[in-house]
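The primary structure of each chain is shown beneath.
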Amino acid sequence: MMASSLPANCCTDVHDEQAQKVDKFLHRFQLSDQLVMDVSMRFRREMDKGLCRDTNPTAAVKMLPTFVRSTPDGTEQGEFLALDLGGSNFRVLLVKVMGNGKQKVEMENQIYDIPENIMRGSGAELFDHVADCLATFLEKLGIKDRKLPLGFTFSFPCLQTKLDEDKNVSPVITQEFGPKSTAQKQRCDKSVLMSWTKGFRSSGVEGKDVVSLLRKSIKKRGDFDIDIVAVINDTVGTMMTCGFDDHHCEIGLIVGTGTNACYMEHMRNLDLIDGDEGRMCVNTEWGAFGDDGALDDLRTDIDREIDSGSLNPGKQLFEKMISGMYMGELVRLILVKMTRERLLFQGKVTPELLTTGRFNTSYIYAIDNDKDDEALASTAQVLRGLGLDPSAEDCLATRRVCQIVSTRAAHLCAATLASLLRQIRDNKAAEKLRTTIGVDGSVYKNHAEFSRRLNKMVRRLVPDCDVRFLLSQDGSSKGAAMVTAVAFRLAAQHAERQRILDTLRLSREQLMEVKRRMSEEMLRGLSKQTHEQTSVKMLPTYVRSIPDGTEHGDFLALDLGGSSFRVLLVRVRSGNKRTVDMNHKIYNIPQEIMQGTGKELFDHIVNCIADFLEYVGMRGASLPLGFTFSFPCHQTKLDQGILLRWTKGFKASDCEGKDVVTLLKEAVRSKQEFHLNFVAVVNDTVGTMMTCSYEDPRCEVGLIVGTGTNACYMEEMHNIELVDGNDGRMCVNVEWGAFGDNGELDDFCTEFDHAVDECSNFPGKQRYEKMISGMYLGEIVRNVLIDFTAKGLLFRGKVSERLKTRGIFETKFLSQIESDRLAMRQVRSILQHLGLTSSTCDDSVRVKEVCGVVARRAAQLCGAGLAALVDRIRQNRNLNQLSVTVGVDGTLYKTHPHFSSIMQETLRDLAPQCQVTFHKSEDGSGKGAALITAVACRMKDNQQH
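Since the model is a prediction, treat every value here as computed from it, not as a measurement.

## Some words on the overall build of the protein
Along its length, the protein carries 30 helices and 26 strands. Radius of gyration (C-alpha) of the protein: 38 Å, far over the 30 Å computed for a compact globule of 945 residues. With respect to the principal axes defined by its C-alpha atoms, the protein has extents near 125 × 65 × 50 Å. Buried positions account for 60% of the 945 residues belonging to the protein. Within the structure as shown, the protein displays about 36,700 Å² of accessible surface, and the carbon and sulfur contribution to it stands at 46%. Looking at the protein, you have 120 positive and 127 negative side-chain charges, and the mean spots of the two groups are 1 Å apart.

## Here's the deal with the sheet that holds strand β16 (residues 564-573)
One open sheet holds the five strands; their spatial order is β17-β16-β15-β18-β21, and the pairing between them is mixed. The strands lining the two open edges of the sheet, one partner per strand, are β17 (579-588) and β21 (675-682). Going across the sheet, the axis of each strand differs from the next one's by a mean of 20°, ignoring polarity. Looking at chain direction, β16 and β17 are connected through 10 bridges and run antiparallel. Note that in β17 the partner of serine 564 across the bridge is asparagine 588. Here helix α20 (residues 660-671) sits on the sheet in contact with β15 (553-560), β18 (622-629) and β21, set at roughly 155° to β21.

## Quick notes on the pattern of salt bridges
A complete count under the given rule lists 64 salt bridges for this structure. Close ionic contact of arginine 408 with aspartate 303 constitutes a salt bridge, the shortest N to O distance being 2.8 Å. In this pair, arginine 408 is assigned in helix α13 (residues 392-428) and aspartate 303 in helix α8 (residues 301-308), connecting sequence segments 105 residues apart. Like aspartate 303, arginine 408 is buried. The partner of aspartate 464 in a salt bridge is arginine 425, and the shortest N-O contact between them spans 2.2 Å. Of the two residues, aspartate 464 sits in the loop between α15 (448-461) and β13 (465-471) while arginine 425 sits in helix α13, which places them 39 residues apart along the sequence. What you see here is one network of salt bridges that share partners, running through Asp132, Glu139, Lys144, Arg221 and Asp223.

## A closer look at the sheet that holds strand β2 (residues 77-85)
Taken together, the five strands give an open sheet; going across it, the order is β4-β3-β2-β5-β8, and neighbouring strands pair in mixed fashion. Taken across any chain shown, the strands that pair with only one partner, and hence form the sheet edges, are β4 (104-113) and β8 (227-232). Each neighbouring strand pair of the sheet contributes to a mean axis angle of 20°, computed without reference to strand direction. In terms of strand pairing, strand β5 (residues 149-154) meets β8 through five bridges, oriented parallel. By the bridge assignment, glycine 151 is partnered in β8 with alanine 230.

## Observations concerning the packing of aromatic side chains
Counting across every chain of the model gives 26 aromatic pairs. Geometrically, the ring pair formed by phenylalanine 43 and phenylalanine 289 is edge-to-face, given 5.1 Å between the ring centres and 70° between the ring planes. Linking phenylalanine 43 in helix α2 (residues 33-51) with phenylalanine 289 in the loop between β11 (279-283) and α8, this pair joins segments that are 246 residues apart in sequence. We note that phenylalanine 43, like phenylalanine 289, is buried. Aromatic side chains phenylalanine 154 and phenylalanine 156 sit 5.0 Å apart centroid to centroid with 55° between the ring planes, which places their arrangement in the tilted category. Phenylalanine 156 matches phenylalanine 154 in its accessibility class, with the two residues each being buried. Grouped by ring-pair contacts, the aromatic residues Phe152, Phe154, Phe156, Trp196 and Phe200 constitute a single cluster. One residue, lysine 585, lies across the ring of tyrosine 615, its end atom 4.8 Å from the ring centre.

## Quick word on the packing of helix α24 (residues 774-790) against helix α27 (residues 841-876)
Two elements in contact, α24 and α27, have axes separated by 10 Å at closest approach and are oriented at 140°. The angle between the axes of α24 and α27 places the two elements in the oblique class. Crossing of α24 over α27 shows right-handed handedness. Contacts between α24 and α27 involve Leu777, Ile780, Val781, Val784, Leu785 and Phe788 from the first element and Val847, Val850, Cys851, Val854, Arg857 and Ala858 from the second.

## Observations concerning the packing of helix α22 (residues 751-758) against α24
Between α22 and α24, the least distance of the axes is 9 Å, while the angle of their chain directions is 120°. Between α22 and α24, the angle is such that the two are oblique. Crossing hand, α22 versus α24: right-handed. Each of Glu751, Phe752, Asp753, Ala755 and Val756 in α22 lies in contact with α24, whose residues at this interface are Tyr776, Glu779, Ile780, Asn783, Val784 and Asp787.

## Some details on the confidence of the model for the protein
The share of residues in the protein with pLDDT of 70 or more is 93%, and the mean pLDDT across the chain is 87. Low confidence marks residues 1-12, where pLDDT is under 50. Its contacts with residues over four positions away, or in another chain, come to 13 contacts. Confidence drops under a pLDDT of 50 for residues 163-188, and excluding neighbours within four residues, the segment shows 65 contacts in the predicted structure.

## Observations concerning helix α19 (residues 598-615)
Between the first and last C-alpha of α19 there are 26 Å, a value that for 18 residues agrees with the 26 Å anticipated at 1.5 Å per step. Taken residue by residue, α19 has Gly598, Leu601, Phe602, His604, Ile605, Val606, Cys608, Ile609, Ala610, Phe612 and Leu613 as its buried positions. The inward-facing, buried residues of α19 abut β15, β16, β17, α18 (591-594), β18 and α20. Once α19 finishes, glycine 617 follows within two positions and takes phi at roughly 75°, a positive value.

## Observations concerning unusual backbone geometry
Phi angles above zero are rare outside glycine, and methionine 63 is one such case at about 50°. Looking at the secondary structure, you find methionine 63 in the loop between α2 and β1 (64-65). Accessibility expressed as a relative area gives 0% for methionine 63, which makes it buried. Phi at phenylalanine 67 is positive, roughly 65°, even though this residue is not glycine. On the accessibility criterion, phenylalanine 67 (9% relative accessible area) is buried.

## What to know about the nonpolar core
Ranked by internal contacts, the top residues of the largest apolar core, which has 86 residues, are Leu703, Tyr713, Phe809, Val847 and Phe899. In terms of residue count, the dominant contributor to this core is α27 (18 residues). Grouped together as the second largest cluster of nonpolar side chains are 85 residues, Met267, Met280, Cys395 and Leu396 included.

## Section: the environment of phenylalanine 289
For phenylalanine 289, a relative accessible area of 0% corresponds to the buried category. If we ignore the near neighbours within four places in the chain, the residues touching phenylalanine 289 are Val39, Arg42, Phe43, Glu46, Val61, Ala294, Leu295, Leu317, Phe318 and Thr416.

The rules behind the values
- Here the residue numbers are simple positions, counted from 1 along each chain's written sequence.
- Whole-chain, interface and lining totals are the exception, using all residues; otherwise, since this is a predicted model, local features are given only for residues with pLDDT of at least 70 and side-chain atom pairs are given and counted only at 80 or more.
- Each side-chain value is worked out from all heavy atoms of the structure, with water and hydrogens disregarded.
- Secondary structure elements follow DSSP: runs of H or I no shorter than four residues count as helices, runs of E no shorter than two count as strands, and numbering proceeds from the N terminus.
- Only C-alpha atoms enter the radius of gyration, while the globule expectation follows 2.2 Å times N to the 0.38, with N the number of residues.
- To sort residues, take the accessible area from a 1.4 Å probe on protein chains only and compare it with the maximum for the residue type: under 20% means buried, over 50% means exposed, and anything in between is partly exposed.
- Surface accessibility follows the Shrake-Rupley procedure with a 1.4 Å probe radius. Residue values consider only the protein chains on display as shielding.
- In this tally Asp and Glu are treated as negative and Lys and Arg as positive; neither His nor the chain ends contributes.
- Each charge is placed at NZ for Lys, CZ for Arg, CG for Asp and CD for Glu.
- If DSSP finds at least two bridges between two strands, the strands pair.
- Lines fitted to the C-alpha atoms define the axes, with helices restricted to the stretch that makes contact. Angles between their N-to-C directions range from 0 to 180 degrees.
- Every residue pair with non-hydrogen atoms within 4.5 Å of one another is taken to be in contact.
- Definition used for salt bridges: Asp or Glu carboxyl oxygen within 4 Å of a side-chain nitrogen of Lys or Arg.
- Any two rings among Phe, Tyr and Trp, with Trp reduced to its six-membered ring, count as a pair given centres within 6.5 Å; such a pair is stacked if its planes are under 30 degrees apart, edge-to-face if over 60, and tilted if neither.
- In our convention, an over-ring charge means Lys NZ or Arg CZ found within 6 Å of a ring centre and within 35 degrees of that ring's normal.
- For this classification, under 35 degrees means roughly parallel, over 145 means roughly antiparallel, 65 to 115 means roughly perpendicular, and everything else is oblique.
- When the near helix sits turned anticlockwise from the far one by under a right angle, the crossing is termed left-handed; a clockwise turn instead gives a right-handed crossing.
- Confidence per residue, as judged by the predictor, is encoded in pLDDT with a range of 0 to 100.
- In a helix, the anticipated span is given by 1.5 Å times the number of residues less one.
- Note on terminology: a nonpolar core comprises buried Ala, Val, Leu, Ile, Met, Phe, Trp, Tyr and Cys residues joined through side-chain atoms within 4.5 Å.

Take a look at the structure:
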């Protein structure tokens, strides 16, 4: 009907002419792509100011932490109340969340008005009114006698901190918005209102905690009670609502009466609160962007007039250029100005057109659409409602005004949204970001052209982001319930994770017991009577002296202890400038040789030695050789080593119970390319001690923490019952990796240790080593991760096939994951390598926690063993205080960022009378083998003379 009242010949020429006239008048409202990009860069700088502790107080964009640490994962369950307060009416809801595959939410709700006199009255009146409505709702549903958890959507700028009403609640649980076990552990947020927006002016509320005010009103009634678990902003509620349906959702956007956005920020960027792991939702409060003058060059006279006539002049300037509360008024003021300049309505204004608020923003939705006839008909109807008599040209011009105002709002909103997307992409170090934006608000929902322009501009500004806009169907109130549901889910999951991890945590009393048992087993290992029965063999090495600086000559060294081995030429020079020069080459041992026959293994070793002598130009030479053989051996002299058992994945047949020197010499004889005139067999631990003692004469202990673990030390000869002689000292190879093989560690072993042990090459053997060394720590972590996943505590209960593969989680991952503040990226890349492509930042935090607990236990156990060893040296020498150096080697000790410090801290605590210095072996145990050979040759020469 309205369309027929317009002239039939509204042609394109007239349309273009009117558009040009309006465009010329509103040229300052039209922003180029370059200017929109510039606005985006400005907002990114404002975000940085808001995130930084030093600049936040003066920042216009406050970037408020919300303490929401996680988005929904679909397993949340339970009944929750939600209260949504953010406009002239509010909602109360009962939300039933059904997760665990059902992904279903049922809601009952009631909308209540807030009369204007209450909006502008006292705070007590406002919260009394809310409490009254809440009581009515509970009574209607017959649940007034139940104390349900409540999520409170309070859509105004608030500063949030934490209050722990129950001091027994663990800090971690508090951070994750949850009670320790059930709702009985009550805690809530303190949420202080910074300033009213959206037309509210209730007195006595700004600067106050809104939770306390609501509680006070509920307590005053006295007929019901609730458990306030979370206070959130409507933007956060929107993100959480959409996050339940789409797990990629990490941005919440509101464009309605007001405008705001939130997003999941990495904790390392949040200076305002402690902690640098995981993520937290940040409420940007971007409506205040420009309050410090950052947008002055973009604001027009019309914007300034809007601001001066508002309830809060100088505040929320960005919001006043975008949101539904002001968009209609912007159009009205433009129409008034154009009419007074006789560009519209023949210069005739009406009282209705001059009335503030008379041009409703909803009119723009109807006028600014892509159907010309409908749009012009709607325009004519709106204008007539303002007492105007519009021509076709007036209708076209008014439509163009609405388009320009709407487009500017959409493009400004896109500019700030692009900044959030870039921040998230940069945080993840992703070339292409895939994410979802949860959106709510009357402007976005009802104004199709606005949402289309916003989406299009976002894609132009950030082409490297694959963005999905997801409309929130149930509003932010469902989101408040979801925050509460997530809080309860996190609390329950946290409690279960800690229960499991507690089995891997050792108390001081337990560590003291480990030290005591190790001391006991060492004593049994030194005794002839108990040596056979003990797990700690305390093997004599026949190394009777450390270097004294007079050693001289060329020596070969062979260092065998893993899937690769080294051959070295070591030149030892004595005198004032004593030096040790080395040349070496590394050779691999294929898996089939490691687990083939002994002959194949030693033939391979000899072939490699021959290759090395050719490499250094000494083919056919006859040199003394030091053989670092890092497996448990029984020695009766320095040049003999009876292999007791293979470890570290070796299974070569016909070797156990044999003398490895004889096996080596037989292989050399069959090769007939070179000769060995003396062979000293040493353990890698002994080699490490000798290497370090060459540089520090106080070094009397050797420690290896790498693929395997072991220790040696200088023991008094009169205590070593296995060898003759009472004078002096001899280095004892503790072989402590087997500690626990007789059950000494059973009460400290977990289900994860048993799983690793059962799947190892030698079940029931090397139990201590399997709790400490690099060969096994990754596998312990993998078993914990699989257990967590099976219980739904990690990776949303979905484990990848790769993670099920034994050995896939390498121990080096522990070092990388715990390496630095940027470790979350490292964790994500490792998890993706393991096929866990959909893992979240929360998952990364949990994985890092598991790695930390497993590595800490390993370091503490190692420290307890070392405490037993150094305390034995002190007691042997009847000293009150011992000062000694420990020579250390091994990849785990050297590369893990915390292992050494935790081990040393444990040692200081358990052996306070020992002052221990640690000396890292830079040249490995191969150099030590050569030095032992050099010392042996020096002592042999001395005896001959």
